[in-house]
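Overview (structure and organization)
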Amino acid sequence: MTTAPSDARTTRLVGSESEGTAASLLGRIDASPSRRIVTGVTGPGRTGKTLLLDAAAARWEAKGVPVLRHSAGSAAESADHPPGWRSGLSAAGAVIVDDAHLLPDGDLHSLRDIAAGGGPSLLVAYRARADRPALRSLAAAVERHGVPTVLGPLDREGLASAAGRNGAAASPAFLDGLAEATGGLPWLVHRVLAANPRRGVSPVVPWQVVDRLGYELAELPPGQQELLLTLSLGFDAGATAVLTGSPSEVDGLLDEARDAGLLLPDGRVVPLLRDAVGRTTPLHRVRAVQRSLVDTLAQSGRALERVGRTLARSGLQDPRVAGCLASAADHVLESHPETAAGLYADALAAGAGEEELAARVAQARWASGEPDAAWAALAPVLPTADPEHARRATDVAGALWAARGMLTGAADAYRWRGPDMVGESAPLAALAMYGIGDRAAAEEMLAATAPRGGPTLATMAMRMMAEGVRDSLGAAAPRALPSLVRASDLFTSSGLTLPMPVAPAVLAAVLAVGAGELRTAEAVLDAALAGGQGGRVARPALLLHRAWAAMQADRPDIARTAAESAQEGGALGPRDQMLRLALDVAIARRTDDAAGLLRAWRTAREEVLHVSVDLFSLLPVAELAVAGARLRDSAHVDYQTDAGFALLARLGDPPLWAAPLHWAAVQAGILSKQPAQLGPHMAALTAGAATSRLSAVLAGAGRAWVSVLSGSFEVAAIEAAARSLASVGLPWDGSRLAGHAAAHAEERKDMSRLLACARGLHGATGGATQDPSGPATGPVTRPAAASGASEQRSGGAGQRQVGTREPAAATRGSVPAGDSRGDSLLSPRERDVARLVLEGKNYKEIGEVIFISPRTVEHHIARIRQRLSARSRSDLLTQLRIALDEGADDPAPTPSAP
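Residues numbered from 1 in each chain as written. Predicted model: local features only at pLDDT ≥ 70, side-chain atom pairs only at ≥ 80, totals over all residues. Heavy atoms only, no water.

1. Quick notes on the overall build of the protein chain
Note the following rule: Labels follow the DSSP assignment, with helices taken as runs of H or I lasting at least four residues and strands as runs of E lasting at least two, numbered in each case from the N terminus. In this scheme, a residue with accessible area under 20% of its type's maximum is buried, one over 50% is exposed, and one in between is partly exposed, where area comes from a 1.4 Å probe on protein chains only. Residue contacts follow a heavy-atom distance rule, with two residues in contact if any of their heavy atoms lie within 4.5 Å. Reported accessibility uses the Shrake-Rupley method at a 1.4 Å probe radius. Residues are deemed covered only where the shown protein chains occlude them.
Regarding its fold elements, the protein chain presents 45 helices and seven strands. Considering the protein chain as a whole, with its 898 residues, one finds that 56% of them fall into the buried category. Expressed as a percentage of contacts within the protein chain between residues at least 6 apart in sequence, the contacts between residues at least 24 apart total 69%. Carbon and sulfur atoms form 53% of the exposed surface of the protein chain, whose accessible area is close to 36,100 Å².

2. What to know about the sheet that holds strand E2 (residues 67–71)
Note the cut-off: If DSSP finds at least two bridges between two strands, the strands pair. Here an angle of 0 to 180 degrees is reported between the N-to-C directions of two axes, which are lines fitted to C-alpha atoms, with helices fitted over the stretch in contact.
Spatially, E2-E3-E4-E1-E5 is the arrangement adopted by the five strands of the open sheet, whose pairing is parallel. Both outer strands of the open sheet, E2 and strand E5 (149–150), are each paired with one neighbouring strand and no more. Sheet analysis places strand E1 (residues 38–42) next to E5, joined by two bridges and oriented parallel. Residue pairing in the sheet places Val-41 in a bridge with Thr-149 of E5. Lying on the sheet, helix H3 (residues 49–62) is in contact with E1, E2, strand E3 (94–98), strand E4 (121–126) and E5; it crosses E3 at an angle near 165°.

3. With respect to the pattern of salt bridges
Spelled out, the test is: Here, a salt bridge means any side-chain nitrogen of Lys or Arg that lies within 4 Å of a carboxyl oxygen of Asp or Glu.
Counted by the stated rule, this structure contains 42 salt bridges. Here Glu-388 makes a salt bridge to Arg-391, at a shortest N to O gap of 2.9 Å. In this pair, Glu-388 and Arg-391 are both assigned in helix H21 (residues 387–403), three residues apart and thus about one turn of the helix distant. Taking relative accessible area as the criterion, Glu-388 reaches 32% and is therefore assigned partly exposed. A salt bridge links Arg-723 to Glu-719, with the shortest nitrogen-to-oxygen separation between them at 3.6 Å. A residue pair is termed a helical-turn pair when its members lie 3 or 4 positions apart in one helix, as Arg-723 and Glu-719 do in helix H38 (residues 715–727) at four residues. Exposure remark for Arg-723: the relative accessible area of 42% places this residue in the partly exposed category. Residues participating in the shared-partner salt-bridge network are Arg-46, Arg-191, Arg-212 and Glu-216.

4. Some remarks on the packing of helix H42 (residues 828–838) against helix H43 (residues 843–850)
Threshold: Any angle that is under 35 degrees is reported as roughly parallel, and any over 145 degrees as roughly antiparallel; angles of 65 to 115 degrees are reported as roughly perpendicular and all others as oblique. Each crossing is labelled by how the near helix is turned from the far one, with a counterclockwise turn of less than a right angle marking it left-handed and a clockwise turn marking it right-handed. In the scheme used here, Gly and all other residues not listed as nonpolar or charged are polar, with Ala, Val, Leu, Ile, Met, Phe, Trp, Tyr, Cys and Pro taken as nonpolar and Asp, Glu, Lys and Arg as charged.
Interhelical geometry of H42 versus H43 gives an angle of 130° and a closest axis separation of 10 Å. Comparing their axes, H43 and H42 come out oblique. Considering the relative orientation of H42 and H43, their crossing is right-handed. Of the residues in H43, those in contact with Arg-829, Val-833, Leu-836 and Val-837 of H42 are Ile-846, Val-849 and Ile-850. Split by residue class, the contact of H42 with H43 holds six nonpolar, no polar and one charged.

5. A short note on the confidence of the model for the protein chain
Operational definition: The pLDDT value expresses, per residue, how confident the predictor is, ranging between 0 and 100.
Mean pLDDT over the protein chain works out to 81, with 84% of the residues at or above the 70 mark. Throughout residues 1–20 the model reports pLDDT below 50, and contacts reaching past four residues in sequence, or to other chains, amount to 41 contacts. Of the regions scoring below 50 in pLDDT, residues 75–82 engages in eight contacts with residues more than four places distant in sequence or in other chains.

6. As for the side chain of Lys-49
To keep things clear, this is the line we draw: Charged-residue counts in this description rest on Lys and Arg as positive and Asp and Glu as negative, His and the chain ends being excluded. Polar contacts, as counted here, are pairs of nitrogen or oxygen atoms within 3.5 Å of one another; within protein the pair requires one atom able to donate a hydrogen and one able to accept it, and residues that are adjacent in sequence qualify only if both atoms are side-chain atoms.
Residue position: Lys-49 is located in helix H3. The charged side chain of Lys-49 is buried without a salt bridge, its nearest counter-charge being Asp-99 at 5.8 Å. Reaching out from Lys-49, the side chain makes a polar contact with the backbone oxygen of Gly-43 at a distance of 3.1 Å. A polar side-chain atom of Lys-49 sits 2.8 Å from the main-chain carbonyl oxygen of Pro-44. Residues in contact with Lys-49, not counting those within four places in the same chain, are Val-41, Thr-42, Gly-43, Pro-44, Ala-125, Tyr-126, Arg-127 and Leu-151.

7. A few points about helix H39 (residues 731–744)
How we decide: In a helix, the anticipated span is given by 1.5 Å times the number of residues less one.
Along its 14 residues, H39 runs 20 Å from first to last C-alpha, staying within 8% of the 20 Å computed at 1.5 Å per residue. With 13 of 14 residues buried, H39 is to be regarded as a mostly interior element.

8. Remarks on the pairing of E4
Operational definition: The path from the first strand over the helix to the second decides the hand: if it runs clockwise while the strands point away from the viewer, the crossover is right-handed.
The element E4 is extensively covered by neighbouring structure, given that six of its six residues are classed as buried. Side-chain alternation along E4 places Ser-121, Leu-123 and Ala-125 on one buried face and Leu-122, Val-124 and Tyr-126 on a second face that is also buried. Of the strand pairs in this sheet, E1 and E4 are connected by five bridges, and their pairing is parallel. Along E4, the bridge assignment pairs Val-41 with Ala-125. Where E3 and E4 come together, four bridges link them in parallel fashion. Of the residues in E4, the one forming a bridge with Ala-94 is Ser-121. Handedness of the β-α-β unit built from E3, helix H5 (residues 105–116) and E4 comes out right-handed.

9. A closer look at the packing of aromatic side chains
Rules: Pairing of aromatic rings covers Phe, Tyr and Trp, the last through its six-membered ring, and needs centres within 6.5 Å; plane angles under 30 degrees mean stacked, over 60 mean edge-to-face, and all others mean tilted. By definition, being over a ring means that NZ of Lys or CZ of Arg is both within 6 Å of the ring centre and within 35 degrees of the ring normal.
For the coordinates displayed, the defined rule picks out two aromatic pairs. Between the aromatic rings of Trp-375 and Trp-401, the centroid separation amounts to 5.2 Å while the plane-to-plane angle is 75°, which identifies the pairing as edge-to-face. With Trp-375 in helix H20 (residues 371–378) and Trp-401 in helix H21, this pair connects stretches of sequence that are 26 residues apart. Positioned above the aromatic ring of Trp-187 is the side chain of Arg-46, whose terminal nitrogen or guanidinium carbon lies 4.2 Å from the ring centre. Just above the ring of Trp-732 sits the side chain of Arg-590; from NZ or CZ to the centre is 5.0 Å.

10. Quick look at unusual backbone geometry
A positive phi angle is found at Asp-99, which is not glycine, with a value near 55°. Relative to the helices and strands, Asp-99 is located in the loop between E3 and H5. Overall, Asp-99 belongs to the buried group, its relative accessible area being 17%.

11. As for the nonpolar core
Short version of the rule: Definition of nonpolar core: a set of buried residues of the types Ala, Val, Leu, Ile, Met, Phe, Trp, Tyr and Cys, connected through side-chain atoms within 4.5 Å.
Ranked by internal contacts, the top residues of the largest apolar core, which has 111 residues, are Leu-507, Leu-615 and Trp-657. Not counting chain neighbours up to four residues away, the residues in contact with Leu-507 comprise Leu-431, Met-465, Val-469, Leu-484, Val-502, Phe-616 and Trp-657. Among the nonpolar cores identified, the runner-up in size contains 80 residues, and Leu-253, Leu-343, Ala-352 and Leu-400 belong to it.

Structural data, given as structure tokens:
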């Protein structure tokens with residue numbers, strides 16, 4: 001490669017360290033041109049040696065120093081300097097010799113004598129790998145004067161410098177792509193830079209450049225061409241001996257290729273040259289070499305996996321390659337499913353049978369978060385009679401049905417296979433059947449034969465999950481939660497990603513909430529998230545249930561953070577999406593964000609139509625039942641609520657699962673002012689009190705609510721009920737009860753006592769907490785409006801709103817950013833009162849609706865007048881209509897009691 005001398009080109013074609021050496025050499029010439037310099041320039045071909053010599057000659061000549069040039073590699077220069085070139089030495093101030101490794105021994109000895117003597121300056125370029133005694137003698141003489149300049153592939157700094165001197169500055173992505181495509185070989189770097197004047201994204205190599213490179217490579221000697229082809233197609237230096245000759249011949253070819261700048265120092269072919277070889281080599285020859293490669297590796301007992309993926313992607317079909325890739329995928333399927341998915345795809349491209357791999361491909365796609373691809377892969381294998389394929393396919397189908405919120409589909413899939421065919425997955429089948437209320441079928445599955453392969457962490461975890469659910473339904477309920485917690489621990493320790501209807505930690509957490517053990521739920525979910533339980537496919541559900549626990553513990557900020565983290569991996573499945581939307585409803589209801597509640601409800605009531613109710617999804621159903629009652633829109637969720645109670649009835653109304661839904665029905669009855677509806681649910685809670693602590697607490701709390709609504713209650717009893725609610729993971733509910741009781745208290749001291757209780761319960765969870773999506777955080781700042789008790793204002797002078805240590809936050813926190821109502825000066829409770837004023841209700845009627853005294857209503861309205869600067873009743877009504885312009889299509893919220 002010959003190019004006109006250019007300092008810019010020279011520095012562009014050397015690496016960062018070499019560039020400094022070159023700059024030092026040129027700087028020494030500029031500083032003292034008459035001072036004798038003896039040095040060597042070495043490195044593979046096409047790394048810029050000639051350009052550096054050209055630049056040095058130009059510097060000397062510019063300073064008036066006579067330069068004698070000689071190159072054994074240029075016919076033109078050899079003609080100008082015939083073999084008697086040494087006769088011009090007497091007049092030369094500097095001698096520059098290129099391609100010294102091609103000179104005869106006599107010339108090399110002459111140059112050695114110049115280096116060893118005291119004559120002119122000497123600059124000699126040679127390739128380091130040339131193995132000749134005369135050249136080694138010259139190099140030793142030159143190197144006595146200093147370390148030679150060694151040129152080679154450019155490092156990142158050198159690439160950036162080259163790009164900057166040849167056009168626009170390059171982005172990091174461009175430099176990464178440039179390094180990958182060229183390996184830093186300067187002559188290839190120059191060509192790619194010339195083809196990419198804009199360098200903001202990864203470089204593009206036009207086909208013309210690749211074809212030109214292929215044409216140049218075709219001019220190489222046959223041995224070099226064969227070497228590049230075999231290396232490009234996957235052979236390593238050892239394997240090439242089979243195709244090109246003896247190991248010594250291969251070593252010689254490799255040395256020649258490195259010296260010619262065709263290979264990296266470690267003997268690899270850079271991608272750009274590999275593409276050029278592949279593009280310009282006939283396909284039949286490529287396939288012949290590829291098959292020879294497979295034969296060579298197979299005969300020597302070496303693994304095909306390393307080159308198999310490249311061969312498969314090039315279009316080669318060979319059963320040995322396909323089998324090796326499929327085996328490699330099987331090995332990582334349950335630990336690294338994304339990697340397995342890629343290996344299976346390559347195995348299929350190499351000719352593997354689609355039906356043979358279908359179940360495993362489906363599992364890999366499911367675990368990689370690609371449900372549609374998993375369903376597509378399952379199609380050819382679902383009818384199979386092969387036991388192993390059938391079991392795996394059914395597990396994947398069951399997990400996919402569960403993710404869609406249709407656990408009935410999972411149960412039907414297992415039921416269709418039957419206990420004999422289900423085999424080791426019998427516990428998963430039992431879980432699906434318990435989940436839809438088919439207890440008899442679940443126990444039949446659970447009684448199936450023990451695992452053939454003996455107990456493992458995963459199989460023991462699955463069996464303990466099914467047995468834990470079975471125990472939770474009857475007299476053995478106390479041992480259910482410990483069993484599920486241990487199952488979660490075992491499965492996390494296994495490090496596997498296996499298809500199942502519900503993750504162990506989720507199952508344990510849901511039951512822990514039903515048992516009133518909120519801290520246990522939080523702990524088991526935190527441990528599962530920290531241990532990566534179930535891989536990426538299980539993470540959204542784990543985070544959403546962690547958010548649910550935080551919401552129920554009255555930590556809305558942590559709940560929002562966890563819920564948002566759950567969506568970072570992409571769109572949620574229908575089941576997880578329903579839980580996410582129920583969370584939005586729950587958080588808005590607990591923070592008294594009326595506008596946010598309306599928006600969340602409108603979306604959730606539509607999403608709930610896409611999923612069916614099962615035992616493991618009763619918590620969101622319960623929350624939506626309460627929200628529907630508050631918004632006087634229960635009809636949209638009555639079907640799901642009824643389905644939940646019917647499912648529980650089929651299972652014998654087990655208290656650990658039924659208590660949250662019965663409590664929701666109690667709250668809904670209070671909100672809808674239909675006390676007759678409370679009877680059956682209060683009876684169910686009372687009946688479950690003997691075996692369920694949560695049921696006992698909720699039964700007592702229900703009686704306390706009834707006494708508050710009747711206006712006849714004992715302060716101590718209300719206080720005890722509120723604190724009991726907090727003790728079972730319901731601090732917001734307890735704060736709400738105490739706050740509403742305060743509004744109905746007749747004595748000032750009773751009101752103060754109950755308000756203090758409400759305030760204390762609401763603030764009890766405000767310390768440091770663990771963000772489930774990241775490291776521990778400090779104290780959580782929550783809007784004052786987050787407390788149910790914060791809705792209450794005392795009727796007496798000097799009393800302040802509960803939880804209003806940050807009044808500004810109370811005003812801002814209840815309205816989402818960007819909402820036009822955010823400019824309103826009204827607090828959430830004042831907006832509730834204002835809506836009832838616009839409905840034409842008087843003080844007494846407003847108080848009855850929102851469970852506060854007429855005197856408190858009067859206090860609220862006085863504050864509203866003051867905030868809106870209303871001068872008259874008509875002015876007040878006008879201002880309220882402007883402030884509460886929420887749209888005619890939204891259902892009007894009924895201010896909440898529970």
